[in-house]
Amino acid sequence: MRNKLIAAFAFTTALVSTGAASAADLGARYTKAPAYAEPLFNWTGFYVGGHIGGAWTNEQAINNGIGAPFGDLGPGDSFRQRSSGIMGGAQIGYNWQANNYVFGMEGTISGLDNKGTAVNTTIGAADDVFTWRANVLATVVGRAGFAVQNNLFYVKGGYAGVNNRLNVTDTVGPATGSGGQTHWANGWTVGAGWEYGITRNWIVGLEYNYAAFGGQTYQLGGTSGNYTFDAKPRDIQWAVVRASYKFDGPVIARY
């Protein structure tokens, strides 16, 4: 009887050990899958692209007090004009993303066709005919934004410069003459925009900017005498649509 009890106990122990091993084997083979890591749109990286839109310029010129044998605008006399035109160009920059915050630097170069003609009729005729044109605009700015997946809302600010040309022609006697000069005017700019990542690398967006510039002295007398003005684009505003290609940066994931 004792031998039978020992045998029954040994058989039961073997069954329990086999069941435990099977359960452990099942646990090893059927572990719970890890949570899915949803990738975020990655704004980090270098990008290049182009933009096109419209620009508005306020031009100002003031006779700085130096006379000329021709011309009828006296010291302190001035004119202002507003003009608009198409503008377009290229941008290059780099973004760095930390969580939802995006910081970067960007440079742009744009061509614009903002120009005008101002006529002085002091003596009852088209005497002094001034023409001006702002044709090249460049910026170097810092950007800061907040990303919501594929959307980036940002502000920007920094340096702006513009190439500005001013000419005058006086064809009404007794004295006549003409001349002109081109200067690069330095200033500052601020702006804001929105960008959207349509794919991992292609980005489109909308942007508005404002820039103001310091004056330069333009000697318009040429070989005919002194006729000198302090002139500048008082401000330039522009709104553009943008498209950029972003080179891949490190992957950001949310767990």
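Residues numbered from 1 in each chain as written. Predicted model: local features only at pLDDT ≥ 70, side-chain atom pairs only at ≥ 80, totals over all residues. Heavy atoms only, no water.

You'll find the protein chain entered in an unreviewed UniProt entry as Porin family protein, with Bradyrhizobium betae given as the organism. Word for word, the UniProt comment on the protein chain under Subcellular location (unreviewed entry) is "Cell outer membrane". (UniProt positions renumbered as here; feature names shortened; annotations may be inferred.)

On to a nonpolar patch on the surface. Together, F46, V48, I92, Y94, W96, Y101, F103, F146, V148, F153 and F247 make up an exposed nonpolar region whose accessible area comes to about 1,100 Å². Of all the secondary-structure elements, those providing two or more residues to the nonpolar patch are β2 (45-63), β3 (78-98), β4 (101-120) and β5 (128-148). A total of three residues in the nonpolar patch trace back to one element, the largest contributor, which is β3. Tracing the backbone shows F103 in strand β4. By relative accessible area, which is 40% here, F103 ends up partly exposed. (Patch = residues over 30% accessible without salt bridge, like charges linked within 9 Å, V, L, I, M, F, W, Y side chains within 5 Å. Areas by Shrake-Rupley, 256 points an atom, 1.4 Å probe, with all protein chains shown as cover. Salt bridge = Lys/Arg side-chain N within 4 Å of Asp/Glu carboxyl O. Helix = DSSP H or I, 4+ residues; strand = E, 2+ residues; numbered from the N terminus. Buried < 20%, exposed > 50% of the residue type's maximum accessible area, 1.4 Å probe, protein only.)

This brings us to the pairing of β2. With 18 bridges joining them, β2 and β3 adopt antiparallel strand pairing. Bridge assignment links F46 to a residue of β3, and that residue is Y94. Across 17 bridges, the pairing between β2 and strand β10 (residues 228-246) is antiparallel. Directly across from Q60, in β10, lies its bridge partner K232. (Pairing = 2+ DSSP bridges.)

Once that is clear, we can look at the environment of A239. Counting through the fold element by element, A239 comes out in strand β10. Of the residues examined, A239 reaches a relative accessible area of 32% and is grouped as partly exposed. Once the C-alpha coordinates of A239 and A192 are considered, the two residues, 47 residues apart in sequence, prove to be 10.0 Å apart. Ignoring anything within four residues of it in the chain, the contact list for A239 reads G53, G54, W56, E207 and Y208. (Contact = heavy atoms within 4.5 Å.)

A complete count under the given rule lists one cavity of 30 Å³ or more for this structure. If you go around the largest cavity, the residues you meet are H51, T108, S110, T139, K156, E207, N209, W238, V240 and R242. Considering every element that reaches the lining of the largest cavity, the biggest residue donor is β10, with three residues. Considering only residue class, the lining of the largest cavity consists of two nonpolar, five polar and three charged. (1 Å grid on protein atoms, 1.4 Å probe; cavity = no way out; pocket = protein on both sides within 12 Å on 5 of 7 lines; lining within 4 Å. Points joined across faces, edges and corners; volume = space filled by probe spheres on them. Nonpolar A, V, L, I, M, F, W, Y, C, P; charged D, E, K, R; others polar.)

Next up on the list: the pattern of salt bridges. Across all of its chains, the model carries ten salt bridges by this definition. With its nearest N and O atoms 3.4 Å apart, the salt bridge here joins R143 to E195. Here E195 lies in strand β7 (residues 177-197) and R143 lies in strand β5, a separation of 52 residues in the sequence. For R143, a relative accessible area of 5% translates into the label buried. By relative accessible area, E195 is classed as buried at 3%. It is possible to trace a salt-bridge network through shared partners that takes in E106, R143, K156, E195, E207 and R242.

What follows concerns the nonpolar core. By size, the foremost hydrophobic cluster in this structure holds 14 residues, and its most contacted members are F79, F130, L166, L220, Y227 and F229. Secondary structure elements with two or more residues in this core: β5, β6 (151-170) and β10. Counting 13 residues, the second-largest nonpolar core is a separate cluster that includes M87, V162, A211 and V240. (Core = buried A, V, L, I, M, F, W, Y, C linked by side-chain atoms within 4.5 Å.)

Once that is clear, we can look at the packing of aromatic side chains. In this structure the tally under the stated criterion is twelve aromatic pairs. Taking the centre distance of 4.9 Å and the plane angle of 35 degrees together, the rings of F79 and F130 count as tilted. Remark: F130 occurs in strand β5 and F79 occurs in strand β3; sequence separation between them is 51 residues. Residue classification places F79 among the buried positions, given a relative accessible area of 11%. Residues W188 and Y210 carry aromatic rings whose centres are separated by 5.8 Å and whose planes lie at 45 degrees to one another, so their mutual orientation is tilted. Note that W188 is positioned in strand β7 and Y210 in strand β8 (residues 202-213), a separation of 22 residues in sequence. Take Y210: its relative accessible area is 25%, and that puts it in the partly exposed class. In this structure an aromatic cluster arises from ring pairing among F79, F130, Y227 and F229. The ring of Y154 carries R143 above its face, with NZ or CZ at 4.2 Å from the centroid. (Phe/Tyr/Trp six-rings, centres within 6.5 Å; stacked < 30°, edge-to-face > 60°. Lys NZ or Arg CZ within 6 Å of the ring centre and 35° of its normal.)

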